[in-house]
Amino acid sequence: MDRKQVINQRQLSWIASSVITSGGILTLQNVLIRISQMDAWYSYLLSVFYVFGVASFFGYLTKTFPERNIFEISKELLGQWGGTIINLMILFHFWQIVTRDISAVSRFSSTLLLHNTPLEVLILLTCFLLIYFGKSSVEVIARVNDLFYPLFVITILIMPLLLSNEFYFRLVTPAMTMPLQHVATSSLLTIGSAGDIFILGAFLHMMYNANQVRSSIRHGSLLGIFLLTYLIFAILVVLGPKMPGNFIYPTYNLVQMIHVTDFLDRVDIIMLMVWYPTVTCKIIAIYMALLLGISSLLNKRNYPTINKPVSLLMALTTYLSFKSSTELLDFSNYCSPIIVLAYQPLVIGLLLLASLRKQRHNPAKVSTSAEDTNPVTKPTQKVPKLSQRLSYRQWLWSGNALMVFSAVCLLFGLMFSKYHPAIGTICAIGFACGLFLTSLTTYMEVSLLKQAEAGK
C-alpha cells in the first residue's frame, strides 16, 4: 500500500461512529432492555469512558510513532516474536468481528427480507463485496462512508418526528429505579461493541497529528453512542420495557411502527436502503484492518495480494461458525465483552510500558511529532464565536468533566430515586444533557483542530 494514503479527521470520525453504531444496531439492544428494562438507555456510559481511554492511547501512539500502525508499533516495541504474538491476538479479534458482522447481516436479511435465499449465497455476496473493496485502499471506503453515514444519522434523528404520535413517556418512568447491579451488568455488555473501535489502530499511519486522532475518535464514538442511546430511549417510549426484550431486532420493530400516511407504511424499506451500506462500510473497514494486520506479519503493506484468499476464508469460517441465530446472538452479546476485556487492556498496558521503557533508555530513538501541541487559532481567522471562547485543552477537559457529571447523576439517581422518584427524573435529565453536551464539546475539539490546521 502506498504510504502517501491519508484520511482526514472527518473521515476518521465517521468511521469511528459507524463502527460503534453498526456494532449495536442489529444485536444487544434486546438484552439490555431485558436486563435493565426502562433504565436500559443508561447502559452505554461505561463504554464512553472505555472509548475515551482507547482514543488517548491511539493519540499517544501517533505522537510517539508517527506514520506507523499498531501492528508495526508492537513489533518495534516488543521485538519480532513478542510483537507477532500481540498482533496475532489483535488479528484473532478482528477475524471474530468480521465473521460476526457478516453472519449478523446475512441472518438479518434471511430472517426478515430474503426468506427463500440460501444463507450461503448471502454470505458469499458479502464476501464478493469484500474482494471488490479489498483491491483498493482505506481512503475509498472512507469516502463511501462519508456519503452514507450522514444519511444514516439523519434517519435516526428524524425518528421522533415520525413516531411523535406513538410516544408515551410514562413507559420510562419512574426513572432510575432498577437495581444498580442490573445497570452495571448491561453496561459491561456494551463494552463488546465499544471494543470494536480498536480496529482504528490499523489506520494510525494515515494520520500525522495525535490531537486529530484522539479528538476524531472521541467525537465519532460519542456520536455513535449518543445515537444508540437515542434509539434505545425511542424503543422504550414507543414499545415499552417488556416487549422489546422479546424481539430479536427491536430497532427494526420500532421502524415498523412508523406510518406517515395510509399509503406510506413501509418506511422500513427506505431506512434499510440507508442502513445496509452503513453496516457494510463497517465490515469492509474491519476487513481492511485485518488485511493490514496479516500483511504486517509478512513485513509489508501490499495487502491486495492476499485479498481473495482471505475473503474466501472469511466466507467459509462465517458459514461454519454459527449454526443458528441464537448462537450468533449469544456470542455477540455475551462473549464479545469477555474477549475485549481479556486482551485489549493487556495490549494497551504492554505497549505503554514498552514505550515508556524505550523512551527512558533510548530517548533519541523514539520520534515524536512536533505538531501535537495545543492548537491555537490565529486572531485573524473567521471562526465561530463559541469555539473561539475556549482553547483545545479546555474543550477536551470540559467533555471529560461532563461525562463525570453524567456518571455522578446516574449513580446518585440509582441510589436515591427509590426513596424520592423526582430525584430519578432530575438525574435522568442531567444524564441526557451531559451526554449531549459531551458530543458538542468533542465536535468543538475537532472544529478547533480544523481551524488551526487551515490557519497554518
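Residues numbered from 1 in each chain as written. Predicted model: local features only at pLDDT ≥ 70, side-chain atom pairs only at ≥ 80, totals over all residues. Heavy atoms only, no water.

The chain is annotated in an unreviewed UniProt entry as Endospore germination permease from Paenibacillus alba.

A surface patch of nonpolar side chains, amounting to about 850 Å² of accessible area, comprises Phe49, Leu180, Val404, Val408, Leu411, Phe412, Met415, Phe416 and Tyr419. With 6 residues, helix H16 (residues 392-416) is the largest single contributor of residues to the nonpolar patch. As for its position among the elements, Met415 is in helix H16. With relative accessibility at 46%, the residue Met415 sits in the partly exposed group. (Patch = residues over 30% accessible without salt bridge, like charges linked within 9 Å, V, L, I, M, F, W, Y side chains within 5 Å. Areas by Shrake-Rupley, 256 points an atom, 1.4 Å probe, with all protein chains shown as cover. Salt bridge = Lys/Arg side-chain N within 4 Å of Asp/Glu carboxyl O. Helix = DSSP H or I, 4+ residues; strand = E, 2+ residues; numbered from the N terminus. Buried < 20%, exposed > 50% of the residue type's maximum accessible area, 1.4 Å probe, protein only.)

Looking now at the packing of helix H2 (residues 29-36) against helix H10 (residues 210-239). At a closest axis distance of 11 Å, the pairing of H2 and H10 adopts a crossing angle of 60°. With respect to each other, H2 and H10 are oriented oblique. In this structure, the crossing between H2 and H10 has a hand that is right-handed. The segment H2 lies against H10, with Gln29, Leu32 and Ile33 engaging Leu228, Leu231, Ile232, Ile235 and Leu236. Of the residues contributing to the contact of H2 with H10, the split by class is 7 nonpolar, 1 polar and no charged. (Axes fitted to C-alpha atoms, helices over the stretch in contact; angles between N-to-C directions. Parallel < 35°, antiparallel > 145°, perpendicular 65-115°, else oblique. Left-handed = near helix turned anticlockwise from the far one by under 90°. Contact = heavy atoms within 4.5 Å. Nonpolar A, V, L, I, M, F, W, Y, C, P; charged D, E, K, R; others polar.)

Moving on: unusual backbone geometry. Cis geometry marks the peptide bond from Thr173 to Pro174, where omega comes out at -5°. Structurally, Pro174 is set in the loop between helix H7 (159-162) and helix H8 (180-189). Of note, the phi angle at Glu67 is positive, near 65°, even though the residue is not glycine. By the secondary structure assignment, Glu67 is in the loop between helix H3 (45-64) and helix H4 (70-112). On the basis of relative accessible area, Glu67 is assigned to the exposed category, the value being 57%.

Counted according to the given criterion, the structure contains 8 salt bridges. The residue Arg68 makes a salt bridge to Glu76 at a minimum N-O spacing of 2.3 Å. Accessibility expressed as a relative area gives 29% for Glu76, which makes it partly exposed. Note that Arg100 is salt-bridged to Asp101, the shortest N-O span being 3.1 Å. Each member of the pair, Arg100 together with Asp101, is buried. Each member of the salt-bridge network shares a partner with another, and the members are Arg100, Asp101, Asp196 and Lys282.

Generally speaking, nonpolar side chains in soluble globular proteins are found buried as a group. Ranked by size, the top nonpolar core spans 128 residues in total, and within it Phe58, Phe198 and Leu200 carry the most contacts. Of all hydrophobic cores here, the second largest spans 5 residues; its members include Tyr392, Trp395, Leu448 and Leu449. (Core = buried A, V, L, I, M, F, W, Y, C linked by side-chain atoms within 4.5 Å.)

On the secondary structure map, Val140 appears in helix H6 (residues 138-157). Take Val140: its relative accessible area is 30%, and that puts it in the partly exposed class. Spatially, the C-alpha atoms of Val140 and Tyr419 are 55 Å apart, while their sequence positions differ by 279 residues.

By secondary structure assignment, the location of Tyr287 is in helix H12 (residues 267-297). Classification of Tyr287 as buried rests on a relative accessible area of 0%. Distance from Tyr287 to Leu130, taken between C-alpha atoms, is 7.3 Å for residues 157 residues apart in sequence. Leave out the neighbours within four places in its chain, and Tyr287 touches Val98, Leu130, Gly134, Asn307, Val310, Ser311 and Met314.

Now for the packing of aromatic side chains. Applying the stated criterion across every chain, the model contains 22 aromatic pairs. Ring centres of Trp41 and Phe233 lie 5.0 Å apart, and the angle between their planes is 65°; this geometry places the pair in the edge-to-face category. Placement of Trp41 in the loop between H2 and H3 and of Phe233 in helix H10 is noted, with a sequence separation of 192 residues between them. Relative accessible area serves as the criterion here: at 9%, Trp41 is assigned to the buried category. Judged by relative accessible area, which is 23%, Phe233 ranks as partly exposed. Within the aromatic cluster, the residues linked to one another by ring pairs are Trp41, Tyr42, Phe167, Phe169, Phe233 and Phe431. When the ring centre of Phe52 is taken as reference, the NZ or CZ atom of Arg218 above it lies at 4.0 Å. (Phe/Tyr/Trp six-rings, centres within 6.5 Å; stacked < 30°, edge-to-face > 60°. Lys NZ or Arg CZ within 6 Å of the ring centre and 35° of its normal.)

Next up on the list: H2. Along an α-helix, residues three or four positions apart point the same way, because every turn accommodates 3.6 residues. With respect to burial, H2 is a largely interior element, 6 of its 8 residues being buried. Taken as a whole, H2 has its buried residues at Gln29, Asn30, Val31, Leu32, Ile33 and Ser36.

Remark: H4 packs on helix H5 (residues 119-134), axes separated minimally by 9 Å, with the N-to-C direction vectors making an angle of 135°. Between H4 and H5, the angle is such that the two are oblique. Helix-helix and strand crossings are classified by hand; for H4 and H5 the assignment is right-handed. The residues of H5 that touch H4, namely those facing Ile102, Ser106, Arg107, Ser109 and Ser110, are Leu119, Leu122, Ile123, Thr126, Cys127 and Leu130. Residue composition of the contact of H4 with H5, grouped by class: 6 nonpolar, 4 polar and 1 charged.

As for its placement among the helices and strands, Ser110 is situated in helix H4. Along the backbone, Ser110 and Leu122 are 12 residues apart, and their C-alpha atoms lie at a distance of 7.9 Å. Contact partners of Ser110, with chain neighbours within four places excluded, come to His115, Thr117 and Leu122.

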